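Here is what each chain is made of, one letter per residue.
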Amino acid sequence: MNKRIKKIINKKNRSKIVSLTAYSKNIARILDKYCDIVLVGDSLANVLYGFKNTHRITLENMILHAASVKRGIKKSLLVVDMPKNSYNSSSNALKNAKLIMSQTRCDAVKIESNKKNYYIIKKLVDSKIPVMGHIGFTPQFTNKFKIQGDTSAKTKQLIKEAISIEKAGAFSIVLECITPQSSKAITKKLKIPTIGIGSSKYCDGQILVTDDMIGLSGFYPKFVKKYLNMTRLIEKAVKKYTTDVKLKKFPETKYFLNGR
Ligand code: KIV
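Everything quoted here is computed from the prediction, not taken from an experiment.

### Regarding the overall build of the chain
Part 1 of the reasoning: When helices and strands are counted, the chain shows 10 helices and 8 strands.
Part 2 of the reasoning: Seen along its three principal axes, the alpha-carbon backbone of the chain occupies a region of about 70 × 40 × 35 Å.
Part 3 of the reasoning: Taken across its 260 residues, the chain has 42% of its residues classed as buried.
Part 4 of the reasoning: Across the chain, contacts joining residues at least 24 apart in sequence account for 58% of those joining residues at least 6 apart.

See the structure below:
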């Protein structure tokens, strides 16, 4: 097993797993110093391309962004989302996962659960491709946002789903928008680590979409803590640049290429 993956699994019940998303080398280079996992999420469809959901993003798009992210990574575990329809049969999944792994040199792929595709995870893992699972709110299969695991019957269902994913060989699992009680129960039941997004402090680790937590995406659901107002910072710089250009204050002579 890949050393970086072993390290993530060993963190369970020891120390929290820190994860964020990246879509480009420049952001990845910053995250790499602090994160255990960097995810090239298909959220780039909404966040970067401005699509209304993640469905239109292609395998080629994911590979291009993941290859860029890889150039900024030295130590973190790099996980790449498989886009919708790229794993709708085992042969399709294997062919496309191999392509992602070889073209981006990432450590693992992530696939969303549709409560049936455990055999796809097994197929990839049997072929030595590490897989991260993803349950709860799964944007590739549900359009409507809804909190997950809010009754004991639904919690039981989620636990069953998580166990099936663990049995299929996944090394970790994202829990998206699952109630605290349910996340706690799932995390306790599993041997593999859970990474929560909008799923409380009881998960083994946390992930957020970086553009959300730095205040750049304009999308701030209740579970997002904004650590920065990047929009305001960029706006300040652009405003100053605009004034400088208009008042002929930029470029000053020190920026002339002949030095005078
Ligand atoms: O696409 C993504 O960014 C994700 C995270 C929200 C976990 O799947």
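### What to know about the nonpolar core
Part 1 of the reasoning: Core analysis: the largest hydrophobic core is formed by 62 residues, its most contacted members being Val38, Val69, Val79, Val80, Ile100, Val109 and Ile121.
Part 2 of the reasoning: Once you skip the residues sitting within four places of it in the chain, valine 69 turns out to touch Ala22, Tyr23, Ser24, Lys25, Ala28, Val38, Val40 and Leu78.

### Focus on helix H6 (residues 118–126)
Part 1 of the reasoning: Among the residues of H6, those classed as buried are Tyr118, Ile120, Ile121, Lys123 and Leu124.
Part 2 of the reasoning: Buried residues along H6 sit against helix H5 (90–104), strand E4 (108–110), strand E5 (131–136) and helix H7 (152–168).
Part 3 of the reasoning: Looking at the residues trailing H6, positive phi occurs at lysine 128, about 70°.

### Overview of the packing of helix H4 (residues 59–70) against H5
Part 1 of the reasoning: Contact pair H4 / H5: the axes reach a minimum separation of 9 Å and the direction vectors enclose 30°. Classed by the angle they form, the pair H4 and H5 counts as roughly parallel. As H4 packs across H5, the resulting crossing turns out to be right-handed. Residues Leu59, Met62, Ile63, Ala66, Ala67 and Lys70 of H4 form the contact with H5, whose own contacting residues are Asn96, Leu99, Ile100, Gln103 and Thr104.
Part 2 of the reasoning: Of the residues in the contact of H4 with H5, the class split is 7 nonpolar, 3 polar and 1 charged.

### Brief notes about the sheet that holds strand E6 (residues 172–176)
Part 1 of the reasoning: The strand order E1-E2-E3-E4-E5-E6-E7-E8 describes a closed barrel built from 8 strands, whose pairing is parallel. The average angle at which neighbouring strand axes cross in this sheet is 25°, direction not considered.
Part 2 of the reasoning: Where strand E2 (residues 37–40) lies against strand E3 (residues 77–81), 4 bridges are found, and the strand directions are parallel. Residue pairing for E3: valine 38 is matched across the bridge by leucine 78.
Part 3 of the reasoning: In the packing of helix H8 (residues 180–189) onto the sheet, the strands contacted are E6 and strand E7 (194–197), and the crossing angle to E7 comes to about 165°.

### A closer look at the domain arrangement of the chain
The parts lose accessible area when they come together, and the size of an interface is often stated as this lost area.
Part 1 of the reasoning: As far as domains go, the chain holds domain 1 (3–228) and domain 2 (230–260).
Part 2 of the reasoning: Computed over C-alpha atoms, the centres of domain 1 and domain 2 are 40 Å apart.

### Some words on the site of the ligand
Part 1 of the reasoning: Taken together, Thr21, Leu39, Gly41, Asp42, Ser43, Asp81, Val174, Ile197, Ile207 and Val209 make up the full set of residues near the ligand.
Part 2 of the reasoning: Tallied by class, the residues present in the shell around the ligand amount to 5 nonpolar, 3 polar and 2 charged.

### What to know about the pairing of E5
Within a regular strand, the side chains alternate between the two sheet faces.
Part 1 of the reasoning: With 6 of its 6 residues buried, E5 lies for the most part within the structure.
Part 2 of the reasoning: Bridge analysis of E4 against E5 gives 2 bridges, and the strand direction is parallel. Paired with lysine 110 across the bridge in E5 is methionine 132.
Part 3 of the reasoning: Tracing the backbone out of E4, into H6 and back to the parallel element E5 gives a crossover that is right-handed.
Part 4 of the reasoning: Sheet analysis places E5 next to E6, joined by 5 bridges and oriented parallel. Residue pairing for E6: glycine 133 is matched across the bridge by isoleucine 173.
Part 5 of the reasoning: With H7 bridging E5 and the parallel E6, this β-α-β connection has right-handed handedness.

Conventions used here
Residues numbered from 1 in each chain as written. Predicted model: local features only at pLDDT ≥ 70, side-chain atom pairs only at ≥ 80, totals over all residues. Helix = DSSP H or I, 4+ residues; strand = E, 2+ residues; numbered from the N terminus. Buried ≥ 20, exposed ≤ 12 C-beta atoms within 10 Å, placed from the backbone. Contact = placed C-beta atoms within 7 Å. Core = buried A, V, L, I, M, F, W, Y, C linked by C-beta atoms within 7 Å. Axes fitted to C-alpha atoms, helices over the stretch in contact; angles between N-to-C directions. Parallel < 35°, antiparallel > 145°, perpendicular 65-115°, else oblique. Left-handed = near helix turned anticlockwise from the far one by under 90°. Nonpolar A, V, L, I, M, F, W, Y, C, P; charged D, E, K, R; others polar. Pairing = 2+ DSSP bridges. Domains from an automatic or database assignment. Near = placed C-beta within 6 Å. Right-handed = clockwise from strand over helix to strand, strands pointing away.

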